[in-house]
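A closer look at the structure
What follows is the residue order along each chain.
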Amino acid sequence: DMKVTQMPRYLIKRMGENVLLECGQDMSHETMYWYRQDPGLGLQLIYISYDVDSNSEGDIPKGYRVSRKKREHFSLILDSAKTNQTSVYFCASSLSRANSGNTLYFGEGSRLIVV
Amino acid sequence: GDSVTQTEGPVTVSESESLIINCTYSATSIAYPNLFWYVRYPGEGLQLLLKVITAGQKGSSRGFEATYNKETTSFHLQKASVQESDSAVYYCALGPSGGNYKPTFGKGTSLVVHP
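Here's what I pulled together on the structure shown here. The shown structure was predicted, so the numbers you read here are calculated from the model rather than taken from an experiment. (Residues numbered from 1 in each chain as written. Chains lettered and ligands numbered in written order. Predicted model: local features only at pLDDT ≥ 70, side-chain atom pairs only at ≥ 80, totals over all residues. Heavy atoms only, no water.)

Below, the discussion takes up the state of the cysteines. Residue and element names in this part refer to chain B. Counted by the stated rule, this structure contains two disulfides over all chains. Each sulfur in the disulfide pair Cys23 and Cys92 lies 1.9 Å from the other. Between Cys23 and Cys92 the sulfur-sulfur dihedral comes to about -65 degrees; the bridge is accordingly left-handed. Here Cys23, found in strand E4 (residues 23–26), pairs with Cys92, found in strand E10 (residues 88–97); they are 69 residues apart in sequence, far enough to count as distant. (Disulfide = S-S within 2.5 Å. Helix = DSSP H or I, 4+ residues; strand = E, 2+ residues; numbered from the N terminus.)

Turning our attention to the packing of aromatic side chains. Applying the stated criterion across every chain, the model contains 11 aromatic pairs over all chains. A centroid spacing of 6.1 Å and a plane angle of 80 degrees characterise the contact between Phe106 of chain A and Phe105 of chain B, whose relative ring orientation is edge-to-face. With Phe106 of chain A in strand E10 (residues 105–106) and Phe105 of chain B in strand E11 (residues 102–105), this residue pair bridges two chains. This pair shows no difference in class: Phe106 of chain A is buried, exactly as Phe105 of chain B is. Between Phe64 of chain B and Tyr90 of chain B the ring centres are 5.5 Å apart and the planes differ by 40 degrees, which places this aromatic pair in the tilted class. (Phe/Tyr/Trp six-rings, centres within 6.5 Å; stacked < 30°, edge-to-face > 60°. Buried < 20%, exposed > 50% of the residue type's maximum accessible area, 1.4 Å probe, protein only.)

Here we take up the interface of chain B and chain A. Across the contact, 22 residues belong to chain B and 27 residues belong to chain A. Each partner contributes to the roughly 1900 Å² buried at the junction of chain B and chain A, and carbon and sulfur atoms together form 52% of this total. Put simply, chain B and chain A have five residue pairs in polar contact (both at pLDDT 80 or more) between them. Residue assignment for the side of chain B that touches chain A shows that the elements contributing at least two residues are strand E5 (35–40), strand E6 (46–52), E10 and E11 of chain B. Partitioning the side of chain B that touches chain A into residue classes produces 11 nonpolar, six polar and five charged. (Contact = heavy atoms within 4.5 Å. Buried area = accessible area lost by both parts, 1.4 Å probe. Polar contact = N/O pair within 3.5 Å; in protein donor to acceptor, adjacent residues only side chain to side chain. Nonpolar A, V, L, I, M, F, W, Y, C, P; charged D, E, K, R; others polar.)

This paragraph deals with the sheet that holds strand E8 (residues 73–78) of chain A. Residue and element names in this part refer to chain A. Taken together, the four strands give an open sheet; going across it, the order is E1-E3-E8-E7, and neighbouring strands pair in antiparallel fashion. Looking at strand neighbours, the two that pair on one side only are strand E1 (4–7) and strand E7 (65–70), the edges of this open sheet. On average, each strand axis in the sheet is tilted by 20 degrees relative to the strand beside it, whichever way the strands run. Taken together, the four bridges between E7 and E8 define a ladder with antiparallel strand orientation. By the bridge assignment, Arg65 is partnered in E8 with Ile77. (Pairing = 2+ DSSP bridges. Axes fitted to C-alpha atoms, helices over the stretch in contact; angles between N-to-C directions.)

In structure tokens:
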């Protein structure tokens, strides 16, 4: 069905709580991404995953970690959330890194508010 | 590193008017990057609008067009007559490249079309 699914779509957490954002794709894509989007800043890359247990830091990895134990599933974890991590988070996937013409497929986003 | 600069929004136009959103890029990791336009409609994730992987070629979709100009390193998005349903945020992007296979996105341009 070529879909990227993010859960939860909306989340409110208190400062210091742990946060788990989950992403799934049904396309057997090798590469997956986590981005955050803030007004005026566009998309900022947090982490890339090239396949199971093969993850690489993006541009703003501090305060985040990821887990990919199955090809179709990629999690973003915030240990002890901070108010400046309030944002909209997008997951994306692409077929592989072998071809730079591959399209990224995005989920609908997860809006996180940390109070 | 690679970078993308696009028209700063919001861009406000009236229905049936023409539109151009400028996009210029700088690519240091690859001579001829693949070029993309993604669009994010309200409440949805980003989706591919069009892409061009060959310099000099034009891509088109949903009435939008963009030509890959390697001389001016530009990939401007144009539409002859916009509709209210075109209201969205538009992102210009370079395809994943470099050792860590990172895509490069512009900051996005918000388009508001008035009836």
